[in-house]
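Descriptive structure summary
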Amino acid sequence: MNAIRDWIGKKGVLHFTLIDPDKQLPEKAGELAKLAEQYGSDAIMIGGSTACGSVTDDCTKAVKDSCSLPTILFPGKAAGVSKRSDYLFFMMMMNSKSRRFLIEEQVKAAPFVKKTGIKTIPMGYIVVSTSSKPTTVEVVGEADRISGRDVGKAVAYALTAEYFGMDCVYLEAGSGAEKPIPQEMIKAVKGRITIPLIVGGGIRDPEAAGKAVAAGADVIVTGTIAEQNTEKLRDIIKAVKAR
Ligand code: 1GP
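The residue count restarts for each chain, going from 1 along the sequence in the order it is written. Selection of residues for local features in this predicted model requires a pLDDT of at least 70, selection of side-chain atom pairs for listing and counting requires 80 or more, and totals for whole chains, interfaces and linings are taken over all residues. Values shown for side chains rest on all heavy atoms present in the structure; no hydrogens or waters enter the calculation.

This part takes up the sheet that holds strand β2 (residues 43-46). With parallel pairing, the 8 strands of this closed barrel are ordered in space as β1-β2-β3-β4-β5-β6-β7-β8. Across the sheet, the axes of successive neighbouring strands diverge by a mean angle of 30°, strand direction being ignored. A pair of strands is considered paired only if DSSP assigns at least 2 bridges between the two. In this description a helix means any DSSP run of H or I spanning at least four residues, a strand means any run of E spanning at least two, and both kinds are numbered starting from the N terminus. Both strand β5 (residues 119-127) and strand β6 (residues 168-172) contribute to a ladder of 5 bridges, which runs parallel. Bridge pairing in β6 links I126 to L171. Of the strands in this sheet, β5 and β6 are in contact with helix α6 (residues 151-163), which crosses β5 at around 160°. All axes here are fitted lines through C-alpha atoms, helices being fitted over the stretch that makes contact, and every angle between N-to-C directions spans 0 to 180 degrees. Whether two residues are in contact is decided by their heavy atoms, any of which lying within 4.5 Å being enough.

This part covers the pattern of salt bridges. Any carboxyl oxygen of Asp or Glu that lies within 4 Å of a side-chain nitrogen of Lys or Arg is treated as forming a salt bridge with it. Within this structure, the stated rule accounts for 11 salt bridges. One salt bridge connects D86 with K64, and the closest N-O pair in it is separated by 2.5 Å. Note that D86 is positioned in the loop between β3 (71-73) and β4 (87-93) and K64 in helix α3 (residues 53-66), a separation of 22 residues in sequence. Judged by relative accessible area, D86 falls into the partly exposed class, the value being 23%. Exposed residues in this analysis have more than 50% of their type's maximum accessible area, buried residues have under 20%, and partly exposed residues fall in between, with area computed by a 1.4 Å probe over protein chains only. Here K64 falls in the partly exposed class, since its relative accessible area comes to 28%. A single salt-bridge network, built from bridges that share partners, covers K11, D42 and K241.

Before going further, it helps to examine the layout of surface pockets. Rolled over the atoms, a probe sized like a water molecule indicates the empty space that remains. A pocket here means an open set of points on a 1 Å grid, computed over the protein atoms alone, that has protein on both sides within 12 Å along at least five of seven lines. A cavity is instead a set of points where a 1.4 Å probe fits but cannot get out; residues with an atom within 4 Å of a point line either one. Grid points are joined across faces, edges and corners, and a volume is the space filled by probe spheres set on the points. Taken as a whole, the largest pocket holds about 900 Å³ of empty space. Taken together, 47 residues line the largest pocket, and the ones lying closest to its centre are G48, S49, F74, Y125 and V137. Going through the elements one at a time, β1 (14-19), β4, α4 (99-116), α5 (136-140), β6, β8 (219-222) and α9 (224-228) are the ones with two or more residues in the lining of the largest pocket. Looking at the lining of the largest pocket, the element that brings in the most residues is β4, giving 6 residues. Lys, Arg, Asp and Glu make up the charged group, whereas Ala, Val, Leu, Ile, Met, Phe, Trp, Tyr, Cys and Pro make up the nonpolar group; the residues left over, Gly among them, are polar. Taken together, the residues of the lining of the largest pocket break down into 21 nonpolar, 18 polar and 8 charged.

Side-chain rings of Phe, Tyr and Trp, where Trp is taken by its six-membered ring, are said to pair if the distance between their centres is within 6.5 Å; with planes under 30 degrees apart they count as stacked, over 60 as edge-to-face, and otherwise as tilted. Going through the model one piece at a time under the given rule, you end up with 6 aromatic pairs. Between F74 and F89 the ring centres are 6.4 Å apart and the planes differ by 80°, which places this aromatic pair in the edge-to-face class. On the criterion of sequence distance, the pair formed by F74 in the loop between β3 and β4 and F89 in strand β4 is long-range, its members being 15 residues apart. Residue F74 is classed as buried on the basis of its relative accessible area of 8%. The class for F89 is buried, based on a relative accessible area of 1%. Both rings, one in F74 and one in Y170, keep their centres 5.5 Å apart while their planes meet at 15°; by these two values the pair is stacked. A residue pair is termed long-range when its members are at least 10 positions apart, and F74 in the loop between β3 and β4 and Y170 in strand β6 qualify at 96 residues. Residue class for Y170 comes out buried when judged on its relative accessible area of 1%. Put simply, the rings of F74, F89, Y125 and Y170 touch in pairs and so form one group of aromatic residues. When the NZ atom of lysine or the CZ atom of arginine is within 6 Å of a ring's centre and also within 35 degrees of its normal, the charge is said to sit over that ring. The residue whose ring lies beneath K119 is Y87, and the NZ or CZ to ring-centre distance is 5.1 Å.

If you want it as structure tokens, here you go:
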């Protein structure tokens, strides 16, 4: 079963709220999750490049206690997996040049994932450089650079994810990116793959979210703006759901 496709079938275009456990205390994370649910977000993604162990556990518990939305872990490494979550993006950074992010962290996590019984969502993660300076994920993940204009390269990576049997592709501009993924790239990738397309990074207003949806995104992810301005989060979700 492809959970993301299933949810899209039931609810149309989706919005996911990303919470980084390292950026706030569990209580605050719970409050944000509750608000996101009220505003119509469809799931809470939990993760970040540094978050791990008990910090992720406590954040996930607070989110689960505060709202009824499904939680999906979005770990930067094996240590970011928590048994408390409903789902886990079992992800590969497709354009990483490091063996670590292609397979090693996943191998490290697999026995624990099996033990917990957490539901996995296989995801092909593609990091795109839209900013004048590299984002954290691009540097930490040792990305084989894909510029915003390298549409063909993004399409090739996305097709590779689909042929590997991934449930979805995530086009990522990086948290706090200056600019989101260009519409042309979203359109081109969406036109070539048949699995759901998630788009995130640098989306901080309803216009940017609406443009990504118009170009073909099936799921919009917002993290930074949700933590900074909950009214903006509400308007972004409204724009996503209006399409
Ligand atoms: C990061 O795509 C997500 O992995 C969200 O990015 O923090 O810029 O919303 P923002």
